[in-house]
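Observations on chain architecture
Chain by chain, the residues:
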Amino acid sequence: NRLASTGTASSSTFLRGDSTFAAAGGVCGTNRFSARRSGNQSSISSDTFTKINITTEIEDPDGVYDASNSRFTAPAAGTYFFTAKTYCWGNIQKISGSFAVNGSATSSTGYDSHVILDGDFSNSGHQFTAHSTHIYVLSQNDYVEFWAKATLHTGSMVSDEVGTHFAGFRIA
C-alpha cells in the first residue's frame, strides 16, 4: 500500500501525520531575549514581592524586551519559556522568585520557584540566589516580569548585578 498524501512535496515542506504537507520552520526559538542587571538594586523590603529591575539587554533581535521597564511583551499569542534568577545579599532568612503576568504575581500553579543557598553565613549577612523557570501560554501583548520576595532578619536586601538575569523565547 502506498501512503496517500495531499499538497506538494518540496525541500521546504514536510509530511505531517495527517498525510498533508506543511511548510518547514516554525516559531520555536523566535521572540527570544536575554537581559541582565546593571548595578545593584537596593532597599528591597522584607516579605514584599518586588520587581527585579533587569535593565541591560544582552540579546533581543525581535524587540520583545523593554529594558526601561524590565518587561517582556508577547508579540503574538503562543507558548513561551522563561527563566530568571537574582543573586541577593543581606540579612536574608529565606527568598523566592516568581514571574508576574500582566502585573499580577502568578499563583502556585503558575510558577516554579527555587531557593539556592550560596553559603556565606558571616556576620555581614547571607547570600542567596532565587531562580524561577516556567512555560506560559500568552496572548498577544501579555507581559511578563520577574519578582522576588525575601524574609529578612533585619534591614533590607540587595539584588546584585552579578548573577541576576532574565531570558525567554517562544516555543510554540
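All values derive from a computational prediction rather than experimental measurement.

Broken down by element type, the chain carries zero helices and 14 strands. Sequence-ordered secondary structure for the chain, helices as α and strands as β, is β-β-β-β-β-β-β-β-β-β-β-β-β-β. Taking all 172 residues of the chain together, the buried fraction comes to 38%. Put simply, of all contacts in the chain between residues at least 6 apart along the chain, 71% involve residues at least 24 apart. Counting every atom, the chain has about 8,900 Å² of accessible surface; 49% of that belongs to carbon and sulfur.

This paragraph deals with the nonpolar core. Formed by 29 residues in total, the largest nonpolar core has its most connected members in Phe 72, Phe 82, Leu 138 and Phe 166. Listed by contribution, the elements that provide at least two residues to this core are strand E3 (33-36), strand E9 (78-101), strand E12 (126-138) and strand E13 (143-159). Broken down by element, this core gets its largest block of residues, eight residues, from E9. Contact partners of Phe 72, with chain neighbours within four places excluded, come to Asn 31, Phe 33, Val 64, Tyr 65, Tyr 80, Phe 82, Leu 138, Asp 142, Tyr 143 and Val 144.

The rules behind the values
- Residues numbered from 1 in each chain as written.
- Predicted model: local features only at pLDDT ≥ 70, side-chain atom pairs only at ≥ 80, totals over all residues.
- Heavy atoms only, no water.
- Helix = DSSP H or I, 4+ residues; strand = E, 2+ residues; numbered from the N terminus.
- Buried < 20%, exposed > 50% of the residue type's maximum accessible area, 1.4 Å probe, protein only.
- Contact = heavy atoms within 4.5 Å.
- Areas by Shrake-Rupley, 256 points an atom, 1.4 Å probe, with all protein chains shown as cover.
- Core = buried A, V, L, I, M, F, W, Y, C linked by side-chain atoms within 4.5 Å.

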